[in-house]
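Spelled out, the chains give:
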Amino acid sequence: MDCEEKLMEIYLHIPFCVRKCLYCDFLSGPADKKTQEAYLGALLGELSGRSGEYAGRKVCSVFIGGGTPSAVDAVWIRRLMEAVRAFYALQEGAEVTLEVNPGTVTGESLALYAGAGINRLSIGLQSAWDSELALLGRIHDRARFEETYRLAREAGFSNINVDLMSALPGQSPESWRGTLRYVTGLTPPPEHISAYSLILEEGTPFYEMYRRGELEPADEDTDREMYEFTGAYLEAQGYRRYEISNYAREGFCCRHNVGYWIRRDYAGFGIGAASLISNVRFSNGRDLEAYCRDPLGVREQVQRLSQKDQREEFMFLGLRLTEGVSERCFAAQFGRELEAVYGDVIEKFVGEGLLEWSGEEPPGGGGRFLRLTARGLDLSNYVMAGFLR
Amino acid sequence: MPSIDQSRIRNFCIIAHIDHGKSTLADRIIEQTGLLTSREMQAQVLDNMDLERERGITIKAQAVRTVYRARDGQEYIFNLIDTPGHVDFNYEVSRSLAACDGAILVVDAAQGIEAQTLANVYLALEHDLEVFPVINKIDLPSAQPQRVIEEIEDVIGLEAQDAPLISAKNGINIDQVLECIVKKIPAPSGSPDNPLQALIFDSLYDSYKGVIVFCRIMEGTVRKGTQIRMMATGAKAEVVEVGYFGAGQFIPCQELSAGMVGYLTASIKNVKDTAVGDTVTDDRRPCEKPLPGYKKVNSMVFCGMYPADGAKYPDLRDALEKLQLNDASLRYEPETSVALGFGFRCGFLGLLHLEIIQERLEREYGLDLVTTAPGVIYKVHRTSGEVMDLTNPSNLPDPTEIACMEEPIVSAQIMVTSEFIGPIMELCQERRGRYLGMEYIEENRALLRYELPLNEIIYDFFDALKSRSRGYASFDYDLKGYEESRLVKLDILINHEEVDALSFIVHADSAYDRGRRMCEKLKDEIPRHLFEIPIQAAVNGKIIARETVKAMRKDVLAKCYGGDITRKKKLLEKQKEGKKRMRQIGSVEVPQKAFMSVLKLDDRK
């Protein structure tokens, strides 16, 4: 992990999808073509309107997320990328990811994405079983995914992530193992896998069903069993767990996401999109109409981070990476030794077997890293909360 | 002020069961005697503490003086003395009654006579008060005034045929009540020239004037400069000011003489010196003997009160000190708990009193409190022959040093409609009640008499009574005395460590059941830790129940995107905040509310 500056990432939010999934609490939903175009026009407006603010910064990654960005006309993806290139200094070899969902792409649209400079796809599979996909309210089945995946490879995409979800209501550990085996058995297998446990978020239909007693969440032991299997199985299949829920083949970590954990600056565009620029966090408002009227006038929740905030973030975000946080980077950023600030907390968690030191002191190595142990990864919230004062 | 003709003074109070409309009638009387315009009337003038207004009950006795021009063309001075309505404050009620010459009995036209009505009427009759009934809430659809009139005549034996039928809420027939006060309540007696003899029925601490003593002058006269002496406490002082009670204000006057109700101040610093029921006399020309009925008030219910944040201990001490200035019945002494740190063992008249103090500490003084289970005073007879009063279970001597233990017993009257007699008897049985008898008040209403251990009724008995009678049962009790009982100390062990703040005294036969339910409750209250936590209940070192809090195995927020970081931090902060409301016991963090969970064990609620 390095302590880079002047680099930034760009996130573009496309809040549209074909149909909202039952567990989804993201800012997204179906919309007609007119609304979509009004919004995408505004998004182009925001990209161009803010370019002055970020002059002099190099953009090392772009992530187009949603919603389902592939649900809008592919031409718009090309236009957005053209705007990014026109107004920002996109680095040579930057990672450019597009989220797509099975059933919303064709060979033609994929070719367009590739032509627009998209070099990484993130495909929402969630489960390899049609019954589970139906339960989640997904629009696709396994066959649709297979088709999407094949087309993506044919279009030349060589960096693909597949999203999976465990701890589904009624899901057995065996069915979860089946999903993992299916995904790793794809030819060629995906370079990157995100595996999350389902979280019942307030405000989603799932949550309501759960409250009415119509939905039985996975019990703790089952959830735990799946979670443990995931780590062990994917490691055996040649994936390295580099973050709490993310696994990648050598060289294929998602640079964009890692940027969030090492607190690289990022600018979010579109409704609800969050940014971190020079230790100020802010986001755009969530009102679509207001955004379309004035995409530059909806910035809110501006929060200037104090030194203490920054240190706390450094810890609880950095610890999400299995590599951990660098003692050297901490000292370089804050002018204080890590152990001088958090010695007591570190000692406690090391004593409890939840944190450990790794790496070698210079000149032999690149300095020490403080990281979660295997048990610490399981109890990461407990550990991270300890770093808040 | 010109001297007042004693024959035109009426000193009276209003007695009623809770919710039968006592405070509302008081408001109407004040309003219609013209002392205040309707606009000046704040609803329920007499209840001037916020808490009283919110709870709709009267905590401290208050008084007000109004002037009424009667139909005979004469002006009368009314001194209305408001009495607390709750059994916890029985002694204060009796002293307020002693300051009166008569009482208005308010009975709800729909509900009829209740347990408290009876208790209060008997108390008033004991004090030789002239009591006349009024039937309130006659405008309710369910009102049955005739039935209630008959009930009053049959049960209490008061003439009620000509009782005013009123609605205090809507101001119906209040004029009849005012005329009845003039006609039925006798004028006070006593001579202004006799040695001073005045009854203290309440007092209030004021930071400018010192203690303001509320009193009824029985004999003699008091004025500025009188050297007074409290006959029971022996405190002496020189009177600085005398006066009477306006609505919500004190109005100074020249003197108070026999038959009058008013206040005096004498730069007294502590309400302890002016005990309710004490007699004030002229130190230079004392009366022969004090007025009868004075009693030192004893706390009946005890609990430990601890600041949630240990650093707030001095704040809690200051707050208790201030509250005690105004409340002589509040007792407290410092104690230390292994689990909770420094705090106070506090004594109260009853559970309501406890709750009121707790709320005032939290609200008026902004303190966050941890309260341990309330208990009573047990008498422990040691084998050495010594008898100790036990207010804190942790101080119980070793069982081998105990010859026997006694617990306080109350005699209780429960009024209930016949359909609920079964469930209520069952409840009393469960609470180790001894059945004394039952009388039918009317065809479908009975008065049950029980003796009950006080420790069985102090926390949730009243709630249980209400829930098992759909709110119809009413209840009153007084302390009867102490009886020997098979009592044990139930200890709770968390991760093999005894938690002193969770110990309580319980009857041997209920120990197993209470212990089991305590463990279940604590299992739900204590969050998971990195290790497994056994929760055990023990009597005399023997484990009688056990539950286990499983170890925490997974606490991960798997999904987290860039936009979620602020939210993620909030979640972590919440988790952290939760920890602050925890008490560290050994290596286990116990939420503060767990200490109160012992109170809520009646699962039939």
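Residues numbered from 1 in each chain as written. Chains lettered and ligands numbered in written order. Predicted model: local features only at pLDDT ≥ 70, side-chain atom pairs only at ≥ 80, totals over all residues. Heavy atoms only, no water.

**A few points about the overall build of chain A**
From N to C terminus, chain A includes 15 helices and 15 strands. Taken across its 389 residues, chain A has 58% of its residues classed as buried. Pairs at least 24 residues apart make up 69% of the contacts formed inside chain A by residues separated by at least 6 positions. A total of about 15,600 Å² of accessible surface is found on chain A, and carbon and sulfur atoms cover 48% of it. (Helix = DSSP H or I, 4+ residues; strand = E, 2+ residues; numbered from the N terminus. Buried < 20%, exposed > 50% of the residue type's maximum accessible area, 1.4 Å probe, protein only. Contact = heavy atoms within 4.5 Å. Areas by Shrake-Rupley, 256 points an atom, 1.4 Å probe, with all protein chains shown as cover.)

**A closer look at the pairing of strand 11 (residues 280-284) of chain A**
Side-chain direction in a regular strand flips from residue to residue, so the side chains alternate between the two faces of the sheet. All names here are of chain A. Counting buried positions along strand 11 gives five out of five residues, so the element sits mostly inside the fold. Burial of strand 11 is two-sided: the residues Val280, Phe282 and Asn284 facing one way and the residues Arg281 and Ser283 facing the other way are all buried. Inspection of the sheet shows strand 10 (residues 274-277) paired to strand 11 by four bridges, in the antiparallel sense. From the neighbouring strand, Ala274 faces strand 11, where its bridge partner is Ser283. A loop of two residues connects strand 10 with strand 11, the two strands running antiparallel in sequence, and Ser278 in this loop sits at a positive phi of about 45°. Sheet analysis places strand 11 next to strand 12 (residues 299-304), joined by four bridges and oriented antiparallel. Bridge pairing in strand 12 places Arg281 opposite Gln303. (Pairing = 2+ DSSP bridges.)

**What about the sheet that holds strand 7 (residues 210-219) of chain B?**
Residues and elements named next belong to chain B. Read from one edge to the other, the open sheet built from eight strands follows the order 10-9-15-6-7-14-11-12, with strand pairing classed as antiparallel. In the strand order of this sheet, the two ends are held by strand 10 (236-238) and strand 12 (250-253), each with one partner. Taking the axes of each pair of neighbouring strands and ignoring which way they run, one obtains an average angle of 40° across the sheet. In terms of strand pairing, strand 6 (residues 197-206) meets strand 7 through nine bridges, oriented antiparallel. The residue bridging Leu204 from the neighbouring strand is Ile212, located in strand 7. (Axes fitted to C-alpha atoms, helices over the stretch in contact; angles between N-to-C directions.)

**Comments concerning the pattern of salt bridges**
Throughout the structure, instances matching the rule amount to 63 salt bridges over all chains. The residue Arg69 of chain B makes a salt bridge to Glu75 of chain B at a minimum N-O spacing of 3.4 Å. Taking the relative accessible area as the measure of exposure, Arg69 of chain B reaches 55% and is therefore exposed. For Asp283 of chain B, the salt bridge goes to Lys236 of chain B, with nearest N and O atoms at 3.7 Å. Of this pair, Asp283 of chain B sits in the loop between strand 15 (279-282) and strand 16 (301-307) while Lys236 of chain B sits in strand 10, and the two are 47 residues apart along the sequence. Connected through shared salt-bridge partners, Glu46, Arg50, Glu53 and Arg299 of chain A make up one network. (Salt bridge = Lys/Arg side-chain N within 4 Å of Asp/Glu carboxyl O.)

**Things to note about a nonpolar patch on the surface**
On the surface, a nonpolar cluster with roughly 310 Å² of combined accessible area is contributed by Tyr435, Met438 and Tyr440 of chain B. For Met438 of chain B, the position within the fold is in strand 24 (residues 434-442). (Patch = residues over 30% accessible without salt bridge, like charges linked within 9 Å, V, L, I, M, F, W, Y side chains within 5 Å.)

**Quick word on the pairing of strand 9 (residues 265-269) of chain A**
Residues and elements named next belong to chain A. Strand 9 sits mainly inside the fold: five of its five residues count as buried. Both faces of strand 9 are covered, namely the face carrying Asp265, Ala267 and Phe269 and the face carrying Tyr266 and Gly268. Here strand 1 (residues 7-14) runs beside strand 9; their pairing, made up of five bridges, is parallel. The residue bridging Glu9 from the neighbouring strand is Tyr266, located in strand 9.

**Examining the interface of chain A and chain B**
With 38 residues of chain A at the contact, the number on the chain B side is 25 residues. Both sides of the chain A and chain B interface together cover about 3,200 Å² of buried area, and 56% of this is carbon and sulfur. One can count five salt bridges joining chain A with chain B. Looking at the side of chain A that touches chain B, the elements that each hand over two or more residues are strand 6 (192-197), helix 8 (220-236), helix 9 (255-261), helix 11 (307-318), helix 14 (374-378) and helix 15 (380-386) of chain A. (Buried area = accessible area lost by both parts, 1.4 Å probe.)

**Quick notes on helix 2 (residues 74-87) of chain A**
Residue and element names in this part refer to chain A. Compared with an ideal rise of 1.5 Å per residue, which puts 14 residues at 20 Å, helix 2 spans 20 Å between its outermost C-alpha atoms and is within 8% of the ideal. Along helix 2, the positions that sit buried rather than exposed are Ala74, Trp76, Ile77, Leu80, Met81, Ala83 and Val84. In the core, the buried residues of helix 2 are packed alongside strand 1, helix 1 (33-49), strand 2 (58-66), strand 3 (89-100) and helix 3 (107-116). (Expected span 1.5 Å × (residues − 1).)

**Focus: the sheet that holds strand 15 (residues 369-372) of chain A**
One open sheet accounts for three strands, arranged 13-15-14 (chain A); its pairing is antiparallel. Unpaired on one side and paired on the other, strand 13 (325-326) and strand 14 (355-358) of chain A mark the two borders of the sheet.

**Considerations on the environment of Pro393 of chain B**
Residues and elements named next belong to chain B. Its location among the elements puts Pro393 in the loop between strand 22 (387-390) and strand 23 (402-417). Each C-alpha atom, one on Pro393 and one on Val488, is 9.7 Å from the other, the two residues being 95 residues apart in sequence. Contact partners of Pro393, with chain neighbours within four places excluded, come to Arg345, Lys489, Ser503, Phe504 and Ile505.

**Some remarks on the state of the cysteines**
Under the counting rule described, the total for this entry stands at zero disulfides over all chains. There is no disulfide at Cys100 of chain B, and the cysteine sulfur nearest it, in Cys13 of chain B, is 3.8 Å away. (Disulfide = S-S within 2.5 Å.)

**Topic: the confidence of the model for chain B**
All names here are of chain B. For chain B, mean pLDDT is 85; residues scoring 70 or higher make up 91% of the total. Confidence drops under pLDDT 50 across residues 36-61; counting only partners more than four residues distant or on other chains, this segment forms 72 contacts. Both scores are available for the predicted complex, with the pTM at 0.65 and the ipTM at 0.84. (pLDDT = per-residue confidence, 0-100.)

**A few points about the nonpolar core**
Among soluble globular proteins, nonpolar side chains are generally buried collectively. Of all hydrophobic cores here, the largest spans 64 residues; its most connected members are Ile10, Ile14, Ile64, Tyr113, Ile118, Leu121 and Phe269 of chain A. Sorting elements by how many residues they give to this core places helix 2 of chain A first, with seven residues. In this view, Leu121 of chain A contacts Leu98, Val100, Leu110, Ala152, Phe157, Asn159, Ile160 and Asn161 of chain A; residues no more than four positions away in its chain are not counted. Among the nonpolar cores identified, the runner-up in size contains 52 residues, and Cys303, Val376, Val416 and Ile505 of chain B belong to it. (Core = buried A, V, L, I, M, F, W, Y, C linked by side-chain atoms within 4.5 Å.)

**Some thoughts on the packing of aromatic side chains**
One pass over the full model with this rule turns up 31 aromatic pairs over all chains. Considering the side-chain rings of Tyr260 of chain A and Trp261 of chain A, the 6.3 Å spacing of their centres and the 70° angle between planes classify their relative orientation as edge-to-face. Pairing Tyr68 of chain B with Phe78 of chain B gives two aromatic rings, centres 5.4 Å apart and planes at 35°, and the pair type is tilted. Taken as a pair, Tyr68 of chain B in strand 2 (residues 62-69) and Phe78 of chain B in strand 3 (residues 75-82) lie far apart in primary sequence, 10 residues in all. A network of ring pairs unites the aromatic residues Phe314, Phe330, Phe334, Tyr342, Phe349, Tyr382 and Phe387 of chain A as a single cluster. (Phe/Tyr/Trp six-rings, centres within 6.5 Å; stacked < 30°, edge-to-face > 60°.)

**Here's the deal with the side chain of Thr274 of chain B**
Residue position: Thr274 of chain B is located in the loop between strand 14 (261-265) and strand 15. If near-sequence neighbours (up to four positions away) are discounted, Thr274 of chain B is found in contact with Ile200, Ser203, Val211, Val213, Met230 and Ile268 of chain B.

**Notes on the environment of Met425 of chain B**
Residue and element names in this part refer to chain B. You can see Met425 is positioned in helix 9 (residues 421-430). Sequence separation between Met425 and Ile414 is 11 residues, and the spatial gap between their C-alpha atoms is 9.9 Å. Once you skip the residues sitting within four places of it in the chain, Met425 turns out to touch Tyr435, Leu448 and Tyr450.

**Describing the packing of helix 11 of chain A against helix 13 (residues 338-351) of chain A**
Residues and elements named next belong to chain A. At a closest axis distance of 12 Å, the pairing of helix 11 and helix 13 adopts a crossing angle of 65°. Classified by chirality, the crossing of helix 13 by helix 11 is right-handed. Here Arg311, Glu312 and Met315 of helix 11 come into contact with helix 13, specifically with Leu338, Val341 and Tyr342. (Left-handed = near helix turned anticlockwise from the far one by under 90°.)

**As for a negative patch on the surface**
All names here are of chain B. A cluster of like negative charges, contributed by Asp309, Asp315, Glu362 and Asp368, occupies part of the molecular surface. On the secondary structure map, Asp315 appears in helix 7 (residues 313-326). By relative accessible area, Asp315 is classed as partly exposed at 38%. (Lys, Arg positive; Asp, Glu negative; His and termini not counted. Charge placed at Lys NZ, Arg CZ, Asp CG, Glu CD.)

**A word on the side chain of Ser326 of chain A**
All names here are of chain A. Assignment of secondary structure puts Ser326 in strand 13. There is a polar contact of 3.2 Å between the side chain of Ser326 and the backbone nitrogen of Arg328. One polar contact links the side chain of Ser326 to the main-chain amide nitrogen of Cys329, over a distance of 2.9 Å. (Polar contact = N/O pair within 3.5 Å; in protein donor to acceptor, adjacent residues only side chain to side chain.)

**Here we look at the packing of helix 7 of chain B against helix 8 (residues 351-363) of chain B**
All names here are of chain B. The interhelical angle for the contact between helix 7 and helix 8, taken along N-to-C directions, is 125°, at an axis separation of 11 Å. As the angle between them shows, helix 7 and helix 8 are arranged oblique. Note on packing geometry: the crossing formed by helix 7 with helix 8 is right-handed. Contacts from Leu316, Ala319, Leu320 and Leu323 in helix 7 reach Ile357, Arg360 and Leu361 in helix 8. Residues that form the contact of helix 7 with helix 8 fall into these classes: six nonpolar, no polar and one charged. (Parallel < 35°, antiparallel > 145°, perpendicular 65-115°, else oblique. Nonpolar A, V, L, I, M, F, W, Y, C, P; charged D, E, K, R; others polar.)

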